[in-house]
Amino acid sequence: MAKRFTETLYSTYGQSYIIEEVLFENRTEHQHLIIFKNKEFGNVMALDGIVQTTERDEFIYHEMLTHVPMFAHGHAKRVLIIGGGDGGILREVLRHKTVEHVTMVEIDAAVVEMCKEYFPEHSAGAFDDPRVELVIADGVDFVVNNQAKFDVIISDSTDPEGPGEVLFTSRFYQGCKNSLNENGILATQNGVSFMQLDEVKTTYKRFDGLFKDRWFYAAPVPTYVGGIMTLSWGTDNPELRKIPESVIQQRYETAGFKTRYYNPALHVGAFALPQYVVDAL
Ligand code: AG3
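Please read all numbers here as calculations on a predicted model, not as lab measurements.

A.B. asks: Can you lay out empty space enclosed by the protein for me, pointing to particular residues and giving the numbers?
C.D. replies: Tallied over the entire structure, the rule returns three cavities of 30 Å³ or more. Roughly 290 Å³ of internal volume is contained in the largest cavity. In this structure, the largest cavity is lined by 26 residues; those nearest its centre are G83, E106, D156, S157 and T158. For the lining of the largest cavity, the secondary-structure elements that each account for two or more residues are β5 (42-47), α1 (58-73), β7 (78-83) and β8 (101-106). Residues belonging to the lining of the largest cavity are distributed by class as follows: 12 nonpolar, 10 polar and four charged. For the second largest cavity, the lining is made up of 18 residues, of which I50, V51, D159, Y224 and M229 are closest to its centre. Considered class by class, the residues forming the lining of the second largest cavity number nine nonpolar, seven polar and two charged.

Here's what the structure looks like:
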């Protein structure tokens, strides 16, 4: 019988992969980390039994979590990434020539090291870019204590269990809010809405009173099973979510790089949510 990896995110349903080869498996200081090879998805990384990223479909998630806030902002110079140890978000942020400085705060140095080795195309050299400052620390402590301000903050976390749990608290969101410049945008991974609707509701409540505009946008990521991934959106400028496609198109053309999933039509359309999500808010 072929060896399999079965995700443990949901107790009654889930995905499983045939393991061609286990490339790395260990308990880091913070969590259980496994990297294995699968024929369909290439190298796959899971933390505490939950699939975080695969070589094959990572572009969908990383492009959507990055380029929607970045192009909506239009001239982000300073970006903060919380989590994102595999470097996929960092790689996409750095494609924007407006960016002068990126701070990335990841709690688990082992994730960064192992992903550099087994997912070299995720970071594609991004960690060596002179604009990047990598901080190995707790994301909540960082946003609560630091004095610096950012134009875009992206939280690329695990789910709200284990080390990722604190990145879904009001304390974290408040810290992010305080760390944003005027017209700043916070975008976070907020789970698969069909399976994790409570997470969407909770974040919506926690953003209340914090951001004048709070919403979500969608990205279908095959290996985050159960339907669309809901990415949260918080900003004090409600106009940023309503920028017409033609303006986003201009910004996209000026930026001058190619994407594989993201495009200006999808950018605008991603904010249209299924009715069951709208009704839950
Ligand atoms: N961060 C998001 C993982 C989400 C998994 N959750 C789920 N399937 N509900 C991944 C890190 C990628 N850089």
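A.B. asks: Just give me the short version of the site of the ligand, but keep the residues and values in it.
C.D. replies: With respect to spatial proximity, 15 residues lie near the ligand, and among them H62, D86, D156, S157 and D159 are the closest. Note that a nitrogen atom of the ligand is positioned 3.4 Å from one of the side-chain N or O atoms of Q52. Within the side chain of D86, an N or O atom sits 2.5 Å from a nitrogen atom of the ligand. Taken by itself the ligand offers 390 Å² of open surface, and the protein chains cover 98% of this. At a threshold of 2 Å from the grid points, most atoms of the ligand map onto the second largest cavity. Put simply, the parts of the chain that give the shell around the ligand at least two residues each are β6 (50-54), α1 and β11 (180-192). Here the shell around the ligand is composed, by residue class, of seven nonpolar, five polar and three charged.

A.B. asks: Give a detailed account of the nonpolar core, specifying residues and quantitative values.
C.D. replies: Ranked by internal contacts, the top residues of the largest apolar core, which has 54 residues, are M64, V79, L90, Y217 and W233. A total of nine residues in this core trace back to one element, the largest contributor, which is α1. Look past the residues within four positions of L90 in its chain and what remains in contact with it is I81, V102, M104, A126, F127 and V132.

A.B. asks: Residues and numbers for the pairing of β8, please.
C.D. replies: Of all the six residues making up β8, five are buried; the element is thus mostly covered by neighbouring parts of the structure. Strand direction decides the pairing type here: β7 and β8, joined by five bridges, are parallel. Pairing of R78 across the sheet is with H101, part of β8. As for the winding sense of the linkage, the β-α-β connection from β7 through helix α2 (residues 88-94) to β8 is right-handed. The pairing of β8 with strand β9 (residues 132-136) spans five bridges and is parallel. Across the sheet, residue E106 finds its bridge partner in β9, namely I136.

A.B. asks: Please provide a residue-by-residue account of the packing of aromatic side chains, values included.
C.D. replies: If you walk through the whole model with that rule in mind, you get 18 aromatic pairs. Consider the rings of F207 and F211, whose centres lie 5.0 Å apart with planes at 70°: the pair is edge-to-face. Pair check on accessibility: F207 and F211 agree, each one buried. In textbook terms, an aromatic cluster arises when at least three aromatic residues are bridged by ring pairs, as seen for F5, Y17, F36 and F41. A cation sits over an aromatic face here: R78 above F150, 4.9 Å from the ring centre. Against the face of F59 rests R260, its NZ or CZ located 3.8 Å from the ring centre.

So, how was this worked out
- Residues numbered from 1 in each chain as written.
- Predicted model: local features only at pLDDT ≥ 70, side-chain atom pairs only at ≥ 80, totals over all residues.
- Heavy atoms only, no water.
- 1 Å grid on protein atoms, 1.4 Å probe; cavity = no way out; pocket = protein on both sides within 12 Å on 5 of 7 lines; lining within 4 Å.
- Points joined across faces, edges and corners; volume = space filled by probe spheres on them.
- Helix = DSSP H or I, 4+ residues; strand = E, 2+ residues; numbered from the N terminus.
- Nonpolar A, V, L, I, M, F, W, Y, C, P; charged D, E, K, R; others polar.
- Near = heavy atom within 4 Å.
- Polar contact = N/O pair within 3.5 Å; in protein donor to acceptor, adjacent residues only side chain to side chain.
- Areas by Shrake-Rupley, 256 points an atom, 1.4 Å probe, with all protein chains shown as cover.
- Sits in = over half its atoms within 2 Å of the grid points.
- Core = buried A, V, L, I, M, F, W, Y, C linked by side-chain atoms within 4.5 Å.
- Buried < 20%, exposed > 50% of the residue type's maximum accessible area, 1.4 Å probe, protein only.
- Contact = heavy atoms within 4.5 Å.
- Pairing = 2+ DSSP bridges.
- Right-handed = clockwise from strand over helix to strand, strands pointing away.
- Phe/Tyr/Trp six-rings, centres within 6.5 Å; stacked < 30°, edge-to-face > 60°.
- Lys NZ or Arg CZ within 6 Å of the ring centre and 35° of its normal.

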